[in-house]
Every structure is written in structure tokens, then in C-alpha cells.
Amino acid sequence: SAPYSRLGSAIATHVFTRSMQAALATPSAQPDRDALANAMQHAASAANTAMRDFAQRTGLAHRDLRTTLLVAALHHNTLATMQVGDGAIAVSHANG
């Protein structure tokens, strides 16, 4: 585990969540699946940038903030998951 992984986790979670909320608050011309995928990619990039910027401002090494980010997002009737780092996500549904 990285020395400041809990801090990295707090930054990543906050920035990822805010980015997703902003991206999906406005109706999109894209199908829900594409809008959700693009929002998740952008949010992951924004979280990484925020962690890198924080490390630079505070004199920490970016690697000291490494953390696992597991995301499940439901937008209208579309479910998407994302994993950054170690960990796993499992989805169970009625059809097996």
C-alpha cells in the first residue's frame, strides 16, 4: 500500500464523483452507453490529474498517493463499471 493511499483515495473519489455529476447533468446527443463511457474516461483522467497536481503542490511523490478506484455507475438504464488498480467488480443479474 502506498504511504498516502487513503489521501489519494479521497482525492480520486471526490474528483471522479464531481466530474461524473457534471458530465451527466446535461442531456447528451450521444446514446447513454457512449455518454457514460466518455464521462467515466474523463472522470478517471481528472482524478489522476488532481492527484498529480496535489502531489506537485505538496512535494509528495505522485506514486505515494496510489490507490485503487472501483466504480459502478448507473445512468438511465445503462450500468458501467471501471477498475483502476487492483481489486475486482462483480455484477450479478437475474438471468445468471
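Structure: see above.
Numbers given for residues are sequential positions, taken from 1 along each chain in its written order. Per-residue local features are limited, in this predicted model, to residues with pLDDT of at least 70; the limit for side-chain atom pairs, both in listing and counting, is 80 or more; totals at the level of whole chains, interfaces and linings are taken over all residues. To get the side-chain values, take all heavy atoms of the structure and skip hydrogens and water.

K.L.:
Which parts of the structure should I look at to understand the overall build of the protein chain?
P.N.:
When its secondary structure is counted, the protein chain shows 2 helices and 2 strands. Note on conventions: DSSP H or I runs of at least 4 residues are helices, E runs of at least 2 residues are strands, and numbering of each starts at the N terminus. Reading the protein chain from its N end, one meets helices and strands in the order α-α-β-β. Projected onto its principal axes, the C-alpha positions of the protein chain cover 45 × 30 × 15 Å. Any residue under 20% of the maximum accessible area for its type is buried, any over 50% is exposed, and the rest in between are partly exposed; the area is computed with a 1.4 Å probe on protein chains only. When each of the 96 residues of the protein chain is scored for burial, the buried share is 28%. In these tables, accessible area is a Shrake-Rupley quantity obtained with a 1.4 Å probe, and a residue counts as shielded only by the protein chains included in the view. For the protein chain, the accessible area works out to roughly 6500 Å², and carbon and sulfur atoms hold 50% of it. Note on charges: Lys and Arg go in the positive column, Asp and Glu in the negative column, and His and the chain ends are not counted at all. Note on charges: their place is set at NZ of Lys, CZ of Arg, CG of Asp or CD of Glu. Of note, the protein chain has its 7 positive side-chain charges centred 8 Å away from the centre of its 5 negative side-chain charges.

K.L.:
Whenever I open this one, unusual backbone geometry confuses me. Can you help?
P.N.:
With the exception of glycine, most residues fall at negative phi, and the peptide bonds are largely trans. A positive phi angle, close to 55 degrees, is found at His 76, a residue other than glycine. Structurally, His 76 can be placed in the loop between β1 (69–75) and β2 (78–84).

K.L.:
Honestly, the nonpolar core in this entry has me stumped. Any pointers?
P.N.:
For soluble globular proteins, the rule of thumb is that nonpolar side chains tend to be buried together. Here the nonpolar core consists of buried residues drawn from Ala, Val, Leu, Ile, Met, Phe, Trp, Tyr and Cys, with membership extended through side-chain atoms lying within 4.5 Å. Formed by Phe 16, Met 20, Leu 36, Ala 39, Met 40, Ala 43, Leu 69, Val 71, Ala 73, Ala 80 and Met 82, the largest nonpolar core amounts to 11 residues. Listing elements by their share of this core, those giving two or more residues are α1 (5–25), α2 (32–58), β1 and β2. Considering each element in turn, this core owes the most residues, 4 residues, to α2. Beyond its immediate chain neighbours, meaning those up to four positions away, Leu 69 contacts Thr 13, Phe 16, Met 82, Gln 83 and Val 84. Counting residues in each nonpolar core, the second largest holds 8 residues, with Ile 11, Val 15, Met 51 and Leu 65 among its members. Should any heavy atoms of two residues lie within 4.5 Å, those residues are considered in contact.

K.L.:
What exactly am I supposed to notice about the environment of Leu 69 here?
P.N.:
Mapped onto the fold, Leu 69 is located in strand β1. For Leu 69 and Asp 53, which are 16 residues apart along the polypeptide, the C-alpha to C-alpha distance reads 18 Å.

K.L.:
Before we go on, may I ask you to explain the layout of surface pockets in this structure?
P.N.:
One water molecule sets the probe size; rolling that probe over the atoms shows where empty space is left. As defined here, a cavity is a set of points on a 1 Å grid over the protein atoms alone where a 1.4 Å probe fits but cannot get out. A pocket is an open set with protein on both sides within 12 Å along at least five of seven lines, and residues line them when an atom is within 4 Å of a point. Grid points are joined across faces, edges and corners, and a volume is the space filled by probe spheres set on the points. Quantified by volume, the largest pocket comes out at close to 190 Å³. Forming the boundary of the largest pocket are Ala 12, Ala 44, Ala 47, Asn 48, Met 51, His 62, Leu 65, Arg 66, Thr 67, Leu 69 and Val 84. Considering every element that reaches the lining of the largest pocket, the biggest residue donor is α2, with 4 residues. Amino acid classes used here: Ala, Val, Leu, Ile, Met, Phe, Trp, Tyr, Cys and Pro are nonpolar; Asp, Glu, Lys and Arg are charged; the rest, including Gly, are polar. Residues of the lining of the largest pocket, tallied by class, amount to 7 nonpolar, 3 polar and 1 charged.

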